[in-house]
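Single-letter residue listing:
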Amino acid sequence: YFEDIVQLGPPDSAFFENNLLLFINDTVYQKVAQSVLETFSDFETYKNEIETGFKHYKYYFPQKPVPDLYTYFSGFNESLIIAEDFIGLSLENYLGANCEFYQYLGIPKYKTQNMVPQKIVPDVFYAWAITEFPFNENTNNLLSNMVYQGKLLYFTEAMNPNLPDSIIIGYTSQQLNWCKQNEANMWAYLAEKRLLYNSERLELRKYIGDGPFTNTFSHESPGRTGIWLGWQIVRSYMNKNQHISLNDLMKMNNAQEILNNSAYFPE
């Protein structure tokens, strides 16, 4: 925590005590910590939702251990830390889209819209899925990244079936509606331009990376539209192949096979 998260140096360093005192007595950090205490004076709701999610996890993956959950203050560094047996959650990164500290730090709006308490639960399971099921495709192209991210969202949805799509993926209702209305056009564009099998980093980032919008589509579009499309492919695949378990899905490392057997063709 001291070395890697709040970056005060090793505890046996000659400068550690002074650095720790500076950190503890920093007036801005004290204000942030007070805001955390006020915003999350009752953390029980989130705790219960996370526990319920991990009950689903044990149902789907009975052999896998359930991690402990810790909350901490990171000084706006790491939002989530995932280890073999625990999850660390930095609550000052979930104080609300209009938090004055985020404005002071110059964090863009497309990021702060997801720095809200409602994102805690899906973020926990999305981050846990990344560590439990790392990217292991034979090819690293746009399609494989879309489907992999779609699998992570499908996993998050399975752990939290009552969460709305907008919270799971982190879109506003307007952004989600835009994706639904333009799904066929987006898919046709990627297919016609032969982008699905493109492996160039810049091309991947256009559709997978976060941003205020997807610049090849519309300024009304959200970022990460490739991830949303990947989620729809995985959903279609699981609806079409109901004998496939969630465990089976997360072990699959062939995006092309998932697409081929998904019957995915938005109109």
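For the structure given in this document, a descriptive report is provided here.

Parameters at a glance
Residues numbered from 1 in each chain as written. Predicted model: local features only at pLDDT ≥ 70, side-chain atom pairs only at ≥ 80, totals over all residues. Heavy atoms only, no water. Helix = DSSP H or I, 4+ residues; strand = E, 2+ residues; numbered from the N terminus. Buried < 20%, exposed > 50% of the residue type's maximum accessible area, 1.4 Å probe, protein only. Pairing = 2+ DSSP bridges. 1 Å grid on protein atoms, 1.4 Å probe; cavity = no way out; pocket = protein on both sides within 12 Å on 5 of 7 lines; lining within 4 Å. Points joined across faces, edges and corners; volume = space filled by probe spheres on them. Nonpolar A, V, L, I, M, F, W, Y, C, P; charged D, E, K, R; others polar. Salt bridge = Lys/Arg side-chain N within 4 Å of Asp/Glu carboxyl O. Axes fitted to C-alpha atoms, helices over the stretch in contact; angles between N-to-C directions. Left-handed = near helix turned anticlockwise from the far one by under 90°. Contact = heavy atoms within 4.5 Å. Expected span 1.5 Å × (residues − 1). Arc of directions from axis to C-beta. Polar contact = N/O pair within 3.5 Å; in protein donor to acceptor, adjacent residues only side chain to side chain.

One non-glycine residue, Gln-7, lies in positive phi territory at about 55°. With respect to the helices and strands, the residue Gln-7 is situated in the segment before helix H1 (16-25). With a relative accessible area of 55%, Gln-7 lands in the exposed category. We note that Phe-76 has phi near 65°; this positive angle belongs to a residue other than glycine. In this fold, Phe-76 is placed in the loop between strand E1 (68-72) and strand E2 (80-82).

Turning our eyes to something else, we now look at the pairing of strand E3 (residues 86-90). Most of E3 sits inside the fold, with four of its five residues counted as buried. Note that E1 and E3 share five bridges and pair parallel. Counted as the bridge partner of Tyr-70 is Gly-88 from E3. Bridge count between E2 and E3: three bridges; the pairing is antiparallel. Paired with Ile-82 across the bridge in E3 is Ile-87.

Let us now look at the layout of surface pockets. Of the voids in this model, the largest pocket is the one considered here, and its volume is about 720 Å³. Together, 24 residues line the largest pocket, and Asn-114, Lys-119, Asp-123, Tyr-126 and Asp-210 are the ones closest to its centre. Where the lining of the largest pocket is concerned, the elements lending two or more residues are helix H5 (109-112), helix H6 (120-132), helix H7 (142-159) and helix H8 (165-169). In terms of residues, the lining of the largest pocket owes the most to one element, H6, which gives four residues. Here the residues of the lining of the largest pocket are counted per class, giving 12 nonpolar, six polar and six charged. If you add up the space inside the second largest pocket, you get close to 150 Å³. Lining the second largest pocket are Val-28, Tyr-29, Lys-31, Phe-76, Glu-100, Phe-101, Tyr-104 and Leu-105. When residues of the lining of the second largest pocket are traced back to their parent elements, those giving at least two are helix H2 (27-39) and helix H4 (100-105). A total of four residues in the lining of the second largest pocket trace back to one element, the largest contributor, which is H4. Split by residue class, the lining of the second largest pocket holds six nonpolar, no polar and two charged.

Our focus in this paragraph is the pattern of salt bridges. Should the charged atoms of two oppositely charged side chains come close, the side chains can pair. For the coordinates displayed, the defined rule picks out seven salt bridges. Note that Asp-165 is salt-bridged to Arg-235, the shortest N-O span being 2.8 Å. Here Asp-165, found in helix H8, pairs with Arg-235, found in helix H12 (residues 225-240); they are 70 residues apart in sequence, far enough to count as distant. Through salt bridges with shared partners, a single ionic network connects Glu-157, Asp-165 and Arg-235.

Moving on: empty space enclosed by the protein. By rolling a water-sized probe across the atoms, one finds the places where empty space is left. Enumeration over the complete set of coordinates arrives at one cavity of 30 Å³ or more. Empty space within the largest cavity amounts to approximately 50 Å³. If you trace the largest cavity, you find it lined by Tyr-110, Gln-113, Asn-114, Gly-170, Tyr-171, Gln-175, Asp-210, Gly-211, Pro-222, Gly-223 and Arg-224. Among the residues forming the lining of the largest cavity, the class breakdown is three nonpolar, six polar and two charged.

At a minimum axis distance of 9 Å, the contact between helix H3 (residues 44-60) and H6 shows a crossing angle of 35°. Where H3 crosses over H6, the handedness of that crossing is right-handed. Contacts between H3 and H6 involve Tyr-46, Glu-49, Ile-50, Gly-53, Phe-54 and Tyr-57 on the former and, on the latter, Ile-120, Val-121, Val-124, Phe-125, Trp-128 and Glu-132. Of the residues assigned to the contact of H3 with H6, the class counts are nine nonpolar, one polar and two charged.

As a further point, take H2. Between its first and last C-alpha atoms H2 spans 18 Å; for 13 residues at 1.5 Å apiece the expected length is 18 Å, and the two agree. Listing the buried residues of H2 in full gives Val-32, Ser-35 and Val-36. Projection of H2 onto a plane perpendicular to its axis shows the buried side chains occupying an angular sector of 105°, all on one side. Facing away from the buried side of H2 by more than 90 degrees, the exposed set consists of Thr-27, Lys-31, Leu-37 and Glu-38. Contact partners of the buried residues in H2: H4. A side-chain oxygen of the first residue of H2 lies 2.9 Å from the backbone nitrogen of Val-28; this N-cap is Asp-26.

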